[in-house]
Amino acid sequence: MTAADQIKRDMAEAIPMDRLLCGDVGYGKTELAMRAAFKAVQAGKQVAVLAPTTVLCVQHGRTFAERFAEFPITVEVLNRFTPPKQVRDILYAARQGKVDILIGTHRLLSDDVGFKDLGLLIIDEEQRFGVEHKERLKRFRVNVDVLTISATPIPRTLHMAMIGLRDISSLATPPLDRRSVATRVSRFDRDTIRKAIRFELGREGQVFYLHNRVQTINGAAQMVRDIIADDSVRVDVAHGQMHKHELEEAMVRFVKGQTQVLVCSTIIEAGLDIPNANTMIIIDADRFGLSQLHQLRGRVGRYKHRAYAYLLLPASRPVNPIAAKRLKAIEEFSQLGSGFRIALRDLEIRGAGNILGPEQSGHINTVGYELYCQLLGEAVAKLRNEPVEQPAMTAIDLGFHVGIPKNYIASDRQRLEVYRRTGQMRTAADIRRFEEELRDLFGPLPDSVRTLLDIAELRMYAARWKIRSLIVQGMDLIFSFEEGAYTADLFARSPGRVSIPDPRTVYVRLEKSYFEPHTLTSVLRKLLKRSR
């Protein structure tokens, strides 16, 4: 309901909507898209729905037509199955404003496609479209609401949403009775395939066998028949290069349950909803991307039965490290609602790409990814007239050891992450919450970690007084200030002897007993925490 309200609110604004709707497969993204389309049509606008595959386009056409059958809404479909004469009639009607909702594949991006008053563009499975396609889409975006739907958005799209360049809604509530898909990664083995198919057929289910090479797909189908060795089991083939009538007949037989095993290409990646198909076997799984693997796995487990996905690797060819990371991620994130986390892991593995360039993934090497995100976030905040909070930059050296021992956090990556987050703290409340998080994850804090957090807090207070550096030298605390800093109030009640050799430097001589870590940080906190 939150996502639906956000979409309705955006559509009512004077500024065109540009919202990313992220939700796992089967979570209701199409339902929200249909509601948005209905709202646009009711306002007298036309709607364009862009789908990446013919199969998904056909299913959307059927779904939209059935949903709006009781309303005076005209729904038309454009894809390679549409006869040429019908295409011409549909395009003419769309330009005249007689088509309310036009659903199509890449055909919608052609120059001869036009609308009388387009109000909403829905892009389904945006990760399946390349940069050139998206450049053509920009001609719609000047004054048209855009709703982008994806279970696993590409790194650039997700990154833009995370830093605020695009709005994002996330669907996190799974459908009733939905169960996660059990995912297994293993080497290609005929016995594994036989057991998987036999198990599914034993509970009267159906199987997807994905072999994504059209040249050898018929041979793969014959191999499956030989493995099953049962003439009563029908094995069909489906791929994008088949004649449209043959493909349609093969898909209809599978949907009706007449075919038990469908040997197919990635044509079934998006849009298919077959509750009785609950086992998927993917050959050469290391050749697929994270998003593809998650989408393919989403074709099974669409009902209450436990579903299985077997990601099979070649028996002889080695798997490269990047592919191994993808497979580990897809196996790790197999629970319900994991699409968003998979997209985040994809962003981590491949990088965010360039916002204004053709790269949809990759790392920004010039300034570094962290600094790039920070600069971009600050620029977005300034354009929105929002305050830009700068992290505290005061250098503090109190002469004793601070850090995270390996016997507290063993992982180098996790220790670096803790250091990074500590440096980004903005308030004392942030530090207290982070302290509780560390205690919950790793146990009671060692003295060196507690001191690290204390110094992070001191750095925040010192920044308010425009203190550039605070160091210990012998028995002295040396404060260095930025130009224009006011120090009279700060040292009015300071312990020890205060001397000021120049307007920007202050020495505070303390007794030896003050230089114990806990005592010194407590004294400095009391001194710096006073309001200016």
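Parameters at a glance
- Residues numbered from 1 in each chain as written.
- Predicted model: local features only at pLDDT ≥ 70, side-chain atom pairs only at ≥ 80, totals over all residues.
- Heavy atoms only, no water.
- Helix = DSSP H or I, 4+ residues; strand = E, 2+ residues; numbered from the N terminus.
- Expected span 1.5 Å × (residues − 1).
- Buried < 20%, exposed > 50% of the residue type's maximum accessible area, 1.4 Å probe, protein only.
- Pairing = 2+ DSSP bridges.
- Axes fitted to C-alpha atoms, helices over the stretch in contact; angles between N-to-C directions.
- Contact = heavy atoms within 4.5 Å.
- Salt bridge = Lys/Arg side-chain N within 4 Å of Asp/Glu carboxyl O.
- Phe/Tyr/Trp six-rings, centres within 6.5 Å; stacked < 30°, edge-to-face > 60°.

> Would you mind showing me how to read helix α2 (residues 29-42) here?
Within an α-helix, residues lying three or four positions from one another point in the same direction, as the helix has 3.6 residues per turn. An ideal rise of 1.5 Å per residue puts 20 Å on 14 residues; α2 measures up with 20 Å between its terminal C-alpha atoms. Buried within α2 are the following residues: Lys29, Leu32, Ala33, Met34, Ala36, Ala37, Ala40 and Val41.

> So what exactly am I meant to see when it comes to the sheet that holds strand β9 (residues 206-210) here?
Across a sheet, strands are paired by hydrogen bonds formed along the backbone, either parallel or antiparallel in direction. Spatially, six strands are ordered β8-β13-β12-β9-β11-β10 in an open sheet, and the strand pairing comes out parallel. Of all strands in the sheet, those with a lone pairing partner are β8 (181-187) and β10 (235-238), marking the two edges. The mean inter-strand angle of the sheet, taken between neighbouring strand axes irrespective of direction, is 20°. Sitting on the sheet, helix α7 (residues 190-202) touches β9, β11 (261-264), β12 (277-283) and β13 (307-313), and the angle it makes with β12 is about 165°.

> What's the story with the pattern of salt bridges in this structure? I'm lost.
In a structure, side chains of opposite charge can pair up when their charged atoms sit close to one another. For the coordinates displayed, the defined rule picks out 26 salt bridges. Between Asp284 and Arg287 there is a salt bridge whose closest N-O contact spans 4.0 Å. The exposure class of Asp284 is partly exposed, given its relative accessible area of 23%. What makes Arg287 partly exposed here is its relative accessible area of 49%. Here Glu435 ties to Arg450 by a salt bridge, and the two come within 3.2 Å at their closest N and O atoms. Taken together, the residues Glu435 in helix α15 (residues 428-442) and Arg450 in helix α16 (residues 447-464) connect sequence positions 15 residues apart. Judged by relative accessible area, Arg450 falls into the partly exposed class, the value being 32%. By sharing partners, the salt bridges in this structure join Arg432, Glu435, Glu436, Arg439, Arg450, Asp454, Glu457 and Arg525 into a single network.

> Where do I start with the sheet that holds strand β14 (residues 395-397) in this structure?
Strand order in the open sheet formed by five strands is β14-β15-β16-β18-β17, with mixed pairing between adjacent strands. With partners counted over all chains shown, the strands left at the sheet margins are β14 and β17 (497-502), one partner each. Neighbouring strand axes in the sheet, compared pairwise and without regard to direction, differ in orientation by 15° on average. Here five bridges tie strand β16 (residues 476-481) to strand β18 (residues 505-509), and the two strands are oriented antiparallel to one another. Counterpart to Ile478 in the pairing with β18 is Tyr507.

> Mind showing me how you'd approach the environment of Lys256 here?
The residue Lys256 is located in the loop between α9 (244-255) and β11 in this model. For Lys256, a relative accessible area of 60% puts it in the exposed group. Separated by 20 residues in sequence, Lys256 and Asn276 have C-alpha atoms that sit 9.7 Å apart.

> What is the right way to read the environment of Arg184 from this model?
Mapping Arg184 onto the fold places it in strand β8. With 124 residues separating them in the primary sequence, Arg184 and Tyr308 have C-alpha atoms 7.9 Å apart. Aside from chain neighbours lying at most four places away, what touches Arg184 is Tyr308, Ala309, Tyr310, Leu311 and Glu331.

> Hey, could you run me through the packing of aromatic side chains in this one?
Under the defined criterion, the tally for this structure stands at seven aromatic pairs. Note on Phe64 and Phe68: the rings are 6.0 Å apart at their centroids and 70° apart in plane angle, and the pair reads as edge-to-face. Each of the two residues, Phe64 as well as Phe68, counts as buried. Plain terms: the ring middles of Phe199 and Tyr308 are 5.6 Å apart, the flat faces sit at 90° to each other, and that makes the pair edge-to-face. With a gap of 109 residues between them, Phe199 in helix α7 and Tyr308 in strand β13 connect regions that are remote in the sequence. Residue class for Tyr308 comes out buried when judged on its relative accessible area of 15%. Members of the aromatic cluster, connected to one another through ring pairs, are Phe38, Phe64, Phe68 and Phe71.

Geometric descriptors of this kind do not, in isolation, establish any biological role.
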